[in-house]
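Okay, here's what each chain looks like letter by letter:
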Protein chains: 2
Amino acid sequence: MKMNETENNLPEPTKAELEILQVLWEFGPSTVRFVNDQLNMQREVNYTSTLKQMQILTEKGILKRDESQMKHIYIPVEAEEKTKVQLLDRFVNTLYKGSASQLMMQLLGNEKTSKKEIEEIKRLLDSME
Amino acid sequence: MKMNETENNLPEPTKAELEILQVLWEFGPSTVRFVNDQLNMQREVNYTSTLKQMQILTEKGILKRDESQMKHIYIPVEAEEKTKVQLLDRFVNTLYKGSASQLMMQLLGNEKTSKKEIEEIKRLLDSME
DNA sequence: TGCGTCGTACGAAAACTATCGTACCTTTAG
DNA sequence: CTAAAGGTACGATAGTTTTCGTACGACGCA
């Protein structure tokens, strides 16, 4: 088994792939041109590099594309939520042996987590009753 | 800047490196032999591969080692907590734009997060008042 | 003393990831 | 019709990470 595959056999998105996914999550199905422009707001990257990445993502089954137009439209196969849940699950398992509360403790101990955030979390929990 | 370096210039541990760190976190300072044996409970890996990784980790300053014995003893330079906080921080920023409460929502929506865990988190928050 | 075992050192291959140049096709303006 | 602009395809290269073979030194013991 490849190192970058999980037990349920889904390939783990790499860093560059995640960048692309995030654009698609934020703006919805897009062309390579659009994604590339977005990426270039953060860092310089060649159009064909982005194109290649998105083709690879499609090969991997992480993206699908509408080829009915000349400008292909790329769409994530899985919903944002589902992908993030998978990544989060893997993260919790890897670093915290699956203990969500342990992760929480660090989150709350981190000064970068603002009081406002903490209040929001409390409301969330209360509303779950 | 290398892709795998953060803004504060600390090298991000790779997957294989993280595996080794986790053994050291769990069992304390150890020899290569011990770490390798632990890893081999999960997957097959050659002794010299583990050795090399640990040497690289030492070069990077992530581990230090006691060479006073023939069997070198390897020790993480940073505490487990500190390293995990860094990784968590990066994770939240990357996937949740820094919003801890958003991460929480997914954690709580995940059926793998047990009721027991949720209760624990609540107690934690209450005790923070 | 000689040999098997166990250790480290380290270069190089293998695997994986990221980037880019080039070729070539389609559309459109003139 | 033709040139320019903009699109996809894809091989090659570069960069990074992971794995391993080989060399060789320490130790223990028959």
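Residues numbered from 1 in each chain as written. Chains lettered and ligands numbered in written order. Predicted model: local features only at pLDDT ≥ 70, side-chain atom pairs only at ≥ 80, totals over all residues. Heavy atoms only, no water.

Worth spelling out the cut-off: UniProt positions are given in the numbering used here, feature names are shortened, and annotations may be inferred rather than shown by experiment.
The name given to chain A in an unreviewed UniProt entry is Transcriptional regulator, with Pedobacter kyungheensis as the source organism. Of chain A, the UniProt comment under Sequence similarities (unreviewed entry) reads exactly: "Belongs to the BlaI transcriptional regulatory family."

### Examining the interface of chain A and chain B
The cut-off we apply is this: Note on definitions: a residue-residue contact is assigned when non-hydrogen atoms from the two residues lie within 4.5 Å. The buried area of a pairing is the accessible area, by a 1.4 Å probe, that goes missing from both parts when the two are put together, added over both. Every case where a carboxyl oxygen of Asp or Glu lies within 4 Å of a side-chain nitrogen of Lys or Arg is listed as a salt bridge. Polar contacts here mean pairs of N or O atoms no more than 3.5 Å apart (in protein, one a potential hydrogen donor and the other a potential acceptor; neighbouring residues in sequence count only if both atoms are side-chain atoms). A run of H or I in DSSP counts as a helix once it spans at least four residues, and a run of E counts as a strand once it spans at least two, with each numbered from the N terminus.
Residue-level contacts link 42 residues of chain A with 42 residues of chain B. Here chain A and chain B share an interface that buries about 4000 Å² over both sides, 65% of which is from carbon and sulfur atoms. Our enumeration of links across chain A and chain B arrives at four salt bridges. When the shortest N-O distance is used, the salt bridge between B:Glu26 and A:Lys97 registers 3.5 Å. Inspection of the region where chain A meets chain B yields eight residue pairs in polar contact (both at pLDDT 80 or more). Where the side of chain A that touches chain B is concerned, the elements lending two or more residues are helix H1 (15-27), helix H4 (80-96), helix H5 (100-109) and helix H6 (115-127) of chain A. Ranked by residue count, the leading element in the side of chain A that touches chain B is H4(A), at 11 residues.

### Some thoughts on helix H3 (residues 47-59) of chain A
Residues and elements named next belong to chain A. Selection criterion: Given a helix with a known number of residues, its expected span is that number minus one, times 1.5 Å.
Between its terminal C-alpha atoms H3 stretches 18 Å, which fits the 18 Å expected from 13 residues at 1.5 Å a residue. Among the structural elements, H1, helix H2 (32-40), strand E1 (63-66) and strand E2 (73-76) are those in contact with the buried residues of H3. Where H3 begins, one side-chain oxygen reaches toward the backbone nitrogen of Thr48, 3.0 Å away; that side chain belongs to Asn46. Positive backbone phi, approximately 85°, marks Gly61, located one or two places after H3.

### Structural notes on the pattern of salt bridges
A full pass over the atoms with the stated rule returns 16 salt bridges over all chains. Residue B:Glu12 is joined to A:Lys15 by a salt bridge in which the shortest nitrogen-to-oxygen separation is 3.0 Å. Highlighted residues: B:Glu12 in the segment before helix H1 (15-27) and A:Lys15 in helix H1, drawn from two different chains.

### Topic: the relation of the copies chain A and chain B
The following threshold applies: Superposing copies: least-squares fit, C-alpha atoms only, residues required to have pLDDT of at least 70 in both.
The two copies are related by a screw motion: chain A maps onto chain B through a turn of 178° and a shift of 0.0 Å along the axis, at an RMSD of 0.3 Å. Each copy turns onto its partner about a two-fold axis.

### Concerning the nonpolar core
Selection criterion: Residues grouped as a nonpolar core are buried Ala, Val, Leu, Ile, Met, Phe, Trp, Tyr and Cys residues, joined through side-chain atoms within 4.5 Å. Burial classification: accessible surface area is computed with a 1.4 Å probe over protein chains only, and a residue below 20% of its type maximum counts as buried, one above 50% as exposed, and the rest as partly exposed.
The biggest cluster of nonpolar side chains holds 58 residues, and the ones touching the most others in it are A:Leu103 and B:Leu103. With sequence-adjacent residues up to four places away left out, B:Leu103 is seen in contact with A:Leu88, A:Leu103, A:Leu107, B:Leu88, B:Phe91, B:Val92 and B:Tyr96.

### As for the packing of H2(A) against H3(A)
Residues and elements named next belong to chain A. What counts is decided by this rule: In this analysis an axis means a line fitted to C-alpha atoms, helices contributing only their contacting stretch, and an angle means the value between N-to-C directions, from 0 to 180 degrees. For any pair of crossing helices, the crossing counts as left-handed if the nearer helix is rotated counterclockwise from the farther one by less than a right angle, and right-handed if it is rotated clockwise. Ten residue types, Ala, Val, Leu, Ile, Met, Phe, Trp, Tyr, Cys and Pro, are classed as nonpolar, four, Asp, Glu, Lys and Arg, as charged, and the remainder, Gly among them, as polar.
Running from N to C, H2 and H3 point in directions that differ by 120°, and their axes come no closer than 9 Å. Note on packing geometry: the crossing formed by H2 with H3 is right-handed. Taken together, the residues of H3 that come into contact with H2 (itself represented by Val32, Arg33, Val35, Asn36 and Leu39) are Tyr47, Thr50, Leu51 and Met54. Class assignment of the residues belonging to the contact of H2 with H3 gives a composition of six nonpolar, two polar and one charged.

### Regarding the side chain of B:Glu19
In this fold, B:Glu19 is placed in helix H1. For B:Glu19, the residues in contact, after removing those within four places along its chain, are B:Leu39, B:Gln42 and B:Arg43.

### Considerations on the pairing of strand E1 (residues 63-66) of chain B
Residue and element names in this part refer to chain B. Spelled out, the test is: Here, any two strands with at least 2 DSSP bridges between them count as paired.
Strand direction decides the pairing type here: E1 and strand E2 (residues 73-76), joined by four bridges, are antiparallel. Looking across to E2, one finds that Asp66 is bridged to Ile73. Counted along the chain from E1 to the antiparallel partner E2, the turn is six residues long.

### Here we look at H2(A)
All names here are of chain A. Test applied: Each C-beta atom gives one direction from the helix axis, and the arc is the one those directions make.
Taken together, the buried positions of H2 are occupied by Val32, Val35, Asn36, Gln38 and Leu39. Here the buried residues of H2 occupy an arc of 160° about the axis, which is enough to place them on one side. For H2, the secondary structure elements touched by its buried residues are H1, H3 and E2.

### Examining the packing of aromatic side chains
Short version of the rule: Stacked, tilted and edge-to-face are the three classes applied to pairs of Phe, Tyr and Trp rings, where Trp contributes its six-membered ring and a pair requires centres within 6.5 Å; stacked means planes under 30 degrees apart, edge-to-face means over 60, and tilted covers the rest. Note on criteria: charge over ring means Lys NZ or Arg CZ within 6 Å of the ring centre, with the direction from the centre no more than 35 degrees off the ring normal.
Per the stated rule, a full pass over the model turns up five aromatic pairs over all chains. Each member of the aromatic cluster is reached from another via a ring pair, and the members are A:Phe91, A:Tyr96, B:Phe91 and B:Tyr96. Positioned above the aromatic ring of A:Tyr96 is the side chain of B:Lys84, whose terminal nitrogen or guanidinium carbon lies 5.0 Å from the ring centre.

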